[in-house]
Structure formats: structure tokens, C-alpha cells
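Residue strings, one per chain:
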Amino acid sequence: MAQPSPFAGRFPPPPFRAFPPPAGPFPPPAAPFPGPAARPGPFAVAAAAAAPPPFLLPPLPPPPPAAGPEGDAGPRFPPGAGPYFPAAPPFPPRPVAEEEAAAAQRQQDELWLSQFLGRRQAAPPPPPPPAAASPSSARELAVAALGLVGRLAALCRALRRREAEGDEAGWAQEREEAEAARRELREVVQPLREPGYREALRRKVERARKRRLRLQRKKQEAKAAKEEEAARAAEREAKIDQWRAKCIQEVEEKNRERELKAAADSVLSEVRKKQADTKRMVDILHALEKLRKLRKEAAARKGVCPPPSADEAFENQVESLKTLLKNRTELYEAEERALRVMLEGEQEEERKREMEKKQKKEREKLLQQKLEIDSKLFGDPDEFPLAHLLQPFREYYLQAEHSVAALIQIRHEWDQYLVPADHPEGSCIPPGWVLPSLPTNDTWATAVR
């Protein structure tokens, strides 16, 4: 027996019906969200069941024979049913066959499922935003438009051929294809017709052209700078090699001179050593003679006298030794004089080289001063490469170096201003160019620079 509802007098029955709808004089209410009209159900449905119910619930078992109190809708959780809250119909149900109820339920389920799937169908993707004006996109649009124009031209020729042949079916098919191609062409060229697209594209193309020119100019400048740096590096390398060769040559010359001097000194020292040995031997002979004389006197005082042959032999031996030592002394003196002459010659050559170096430095210094004076008078040839334009002025100021008549004329013009040596305003003739005075103000200084 059904249990009475504990809230029968406090809550009314729920405002929905059990599914399937019971047969009765009133049709079910309209659906709150009708499905699309273009998607009919897969099966035909009766007129009474055309609109979907507000809720789909599984069918309920037949009501129990005994009802509860008045207003009671039956048990909330009947045995064997799901966790749903069925409500008792307001009208007594009409007996329906079990097969018809199952068929109506299946049709309603299929209709609801088709409508649900129609509502749940994925929406079409939104149209892509118009592409920004860029040379690449404009190129792609132009290529696509040219392709479509070629296709339209081919279709137009096919249409004329179909019209000439009288093939209406083929003509209609070609016409549809031509219309589709024309619509596609309109879609393709639509961005090109937007206001401001061509101006933006022209600005971007001009910006890209300027950027390309700027990059090319930078590349050329970098290449020129690299070549200039390579030329400067080669010039520096050449100067370094020249300086290194000069240093090596100077070091070799110094080493050779040192070796020669050392050899001469060693030879001279040997000669002097031999001379010292010869002198010592001469001193030994003198001492030997003195010693013999002293011994001879001592022997005479004792009454012992050596034979004359012994004195003669001693004197002959001493004389031969003295002659030998004299010859060696003369030979050593000759060698010493030769070595001294050689050393004096080397020293003279060294003094000459030092003098030549000094004179060369002075000439370079004078040449540098002359170049500075010429640059002040006639301009720097590095800053003014067009030296041939100044050649007439140079020839005019340097004509006295090539013509005697010009020298006499210039000297005569200078002699007109000769005054006595004690003249208070007199001055000597300048030995060279008269350089301009320094600028007296900033404006003149900027002009001179």
C-alpha cells in the first residue's frame, strides 16, 4: 500500500507531467524552445505529439490501485523507479495499449534527440577578418585574382562554344561555374576595394622600398669601409715590414761593426801582449847581462877569471837574441799600426754614417717645413686634389728657380727698397717665403681654416 506524502497539505503537486503524456481531452503544452523547422524528425509523429514536451522523463509504472489521501500524488520514491518525482495526472488516464505507448515514446525520443542535436550543432566559423594591407598579401590577392580571371575567360569561351553548339544543359552548367567563379573573384578582390587599402599598401611599399635602399646603402658603406680598412691595414703592414727590415738591417750592421771591432780589439790585444812579452824578454836579457857582470867582478875579486872564449860566446848569444827580439818588436809595431789604421778607418766610417743620418734628418725636417709652408701658401694637396688649378700660381712664385731673367727682375725689384744698415725701419731680405701673419679675429681664423 502506498505511503501517504508527509507534505501533502503544505506543497501542491509539481507542475510537470509524467512522460509519455497521458491520453486525455487536453494536448500537452508547447515546447519552451522549438527546434529548427528545416530539420524534420526521422519519423512521422501524430498531431497531438508534434510539439516536444518540456521535460523528458522515463515512463512510469501504472498507478497503484489504491490512492492516498486527497491531494496526495503518490509515493515520492516508488519501489523500482528512478530518482524522479512523478506527479499524478489531474485527469484519470485513458487505457492505452502497451505497444502504442512504447512506439509513441520512441518517436518522441527520436524527435527530441534530433532537435537537441540540431541545437547542439557547431556554429559555422566566423569570417576571417580582412587582412591588413601588405605587399605579400596584395601579391597573393593579385595572383589569386589573375587565376580566377583566367578561369572566367576560359568559362566564357566555353559558354560561347556551348551556345554555338546549342547545348543548353552544358551551357547552364558552365554558366553556374562562371557565376561561382565570379562570386569567388568578388570575394577575393573585396579587400582591394576597401577604402584606404591602396593608400596603406602604397605607404607600406614606399616604406619597404626606402628600407631596402637604406639597407643597400648601409651594405655598400660597410663594404667600402671594410675595403678602406683593408687598404689601411695593408698600408700599415707594408710600413711595419719596411720598418722591421730597416731595424733588422741596422741591427745587422751594428752586430757586424761590433764583431769587427771585437776582432780588431782581440788582434790588437794579442799584438800588445806579444809586444809586452818581447819587452819582458829584453828586460830579462839586460838583467842577465848585469848579473853576469856582477858575478864576473865577484870572481875577479876572488882571483878567478873566465876564459875570453866564454865571454865571446855569451856576447854572441845575447846579440842574436837582441836581434831576434828587435825584429819581432818591429813586426808587432807594424801590425799595431795597421790595426790602428783599420780601427781609425772604421771609426771614420761610423762618424760619416752618423753625419749622413744627421744630415738626412735635417733634410727631412727642412722638407717637412717646406711642405708646411707650401700648404700654408698654396693649400694642402691632400685637401685640394686639383693641384693643376694652382699650377699657374706655383709657377709664378717659383719662376726665379727656373729662369735667370726672372731672378734678376725679382732681385731688381727687391733692390729698390735697399736702405743703409743703420736705418731704423730697415730689415734684411728674408731667406725664404714670407709667411702670412696669424689671424687677428675669429672670423678670419675660420676663413683660414
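Values in this document were obtained by computation on a predicted structure and should not be read as measured data.

**Regarding the overall build of the chain**
From N to C terminus, the chain includes eight helices and zero strands. In sequence order, the chain lays out its α and β elements as α-α-α-α-α-α-α-α. Looking at the chain residue by residue over its 449 residues, the buried ones come to 13%. Counted over contacts in the chain with a minimum sequence separation of 6, partners at least 24 positions apart contribute 74%. Carbon together with sulfur atoms contributes 59% to the accessible area of the chain, which is approximately 36800 Å² in total.

**As for the packing of aromatic side chains**
Tallying each qualifying case throughout the model produces two aromatic pairs. Between Trp-112 and Phe-116 the ring centres are 5.2 Å apart and the planes differ by 10°, which places this aromatic pair in the stacked class. Of this pair, Trp-112 and Phe-116 both sit in helix H1 (residues 98-119), four residues apart, roughly one helical turn. Classification of Phe-116 by relative accessible area gives partly exposed; the value is 29%. Judged by centre distance (5.3 Å) and plane angle (75°), the ring pair of Tyr-396 and Tyr-397 falls under edge-to-face.

**A closer look at a positive patch on the surface**
Where like charges cluster on the molecular surface, the positive patch consists of Lys-246, Lys-254, Arg-258, Lys-357, Lys-360, Lys-361 and Arg-363. Put simply, the parts of the chain that give the positive patch at least two residues each are helix H4 (197-301) and helix H5 (308-378). With four residues, H5 is the single largest residue contributor to the positive patch. Structurally, Arg-363 can be placed in helix H5.

**Considering the side chain of Asp-311**
In this fold, Asp-311 is placed in helix H5. Side-chain polar atoms of Asp-311 contact the side chain of Lys-296, separated by 2.9 Å. If we skip the residues at most four places from it in the chain, Asp-311 touches Arg-292, Lys-296 and Pro-306.

**Here's the deal with the nonpolar core**
Grouped together as the largest cluster of nonpolar side chains are 14 residues, with contacts concentrated most on Ala-145, Leu-152, Ala-178, Leu-185, Val-188 and Tyr-197. Among the elements of the structure, helix H2 (135-165), helix H3 (168-189) and H4 are those that each provide at least two residues to this core. Considering each element in turn, this core owes the most residues, seven residues, to H2. Leu-268, Tyr-332, Leu-339 and Leu-343 belong to the second-largest nonpolar core, a separate cluster that totals six residues.

**Comments concerning the packing of H2 against H4**
Remark: H2 packs on H4, axes separated minimally by 10 Å, with the N-to-C direction vectors making an angle of 125°. Between H2 and H4, the crossing angle belongs to the class labelled oblique. Facing H2, whose interface residues are Pro-135, Ser-137, Ala-138 and Leu-141, H4 presents Tyr-197, Leu-201, Lys-204 and Val-205.

**Some details on a nonpolar patch on the surface**
A cluster of nonpolar side chains, namely Leu-377, Phe-393, Tyr-396, Tyr-397, Trp-433 and Leu-435, defines an oily patch on the protein surface of about 620 Å² accessible area. Here Leu-377 is to be found in helix H5.

Thresholds, definitions, all that
Residues numbered from 1 in each chain as written. Predicted model: local features only at pLDDT ≥ 70, side-chain atom pairs only at ≥ 80, totals over all residues. Heavy atoms only, no water. Helix = DSSP H or I, 4+ residues; strand = E, 2+ residues; numbered from the N terminus. Buried < 20%, exposed > 50% of the residue type's maximum accessible area, 1.4 Å probe, protein only. Contact = heavy atoms within 4.5 Å. Areas by Shrake-Rupley, 256 points an atom, 1.4 Å probe, with all protein chains shown as cover. Phe/Tyr/Trp six-rings, centres within 6.5 Å; stacked < 30°, edge-to-face > 60°. Patch = residues over 30% accessible without salt bridge, like charges linked within 9 Å, V, L, I, M, F, W, Y side chains within 5 Å. Salt bridge = Lys/Arg side-chain N within 4 Å of Asp/Glu carboxyl O. Lys, Arg positive; Asp, Glu negative; His and termini not counted. Charge placed at Lys NZ, Arg CZ, Asp CG, Glu CD. Polar contact = N/O pair within 3.5 Å; in protein donor to acceptor, adjacent residues only side chain to side chain. Core = buried A, V, L, I, M, F, W, Y, C linked by side-chain atoms within 4.5 Å. Axes fitted to C-alpha atoms, helices over the stretch in contact; angles between N-to-C directions. Parallel < 35°, antiparallel > 145°, perpendicular 65-115°, else oblique.

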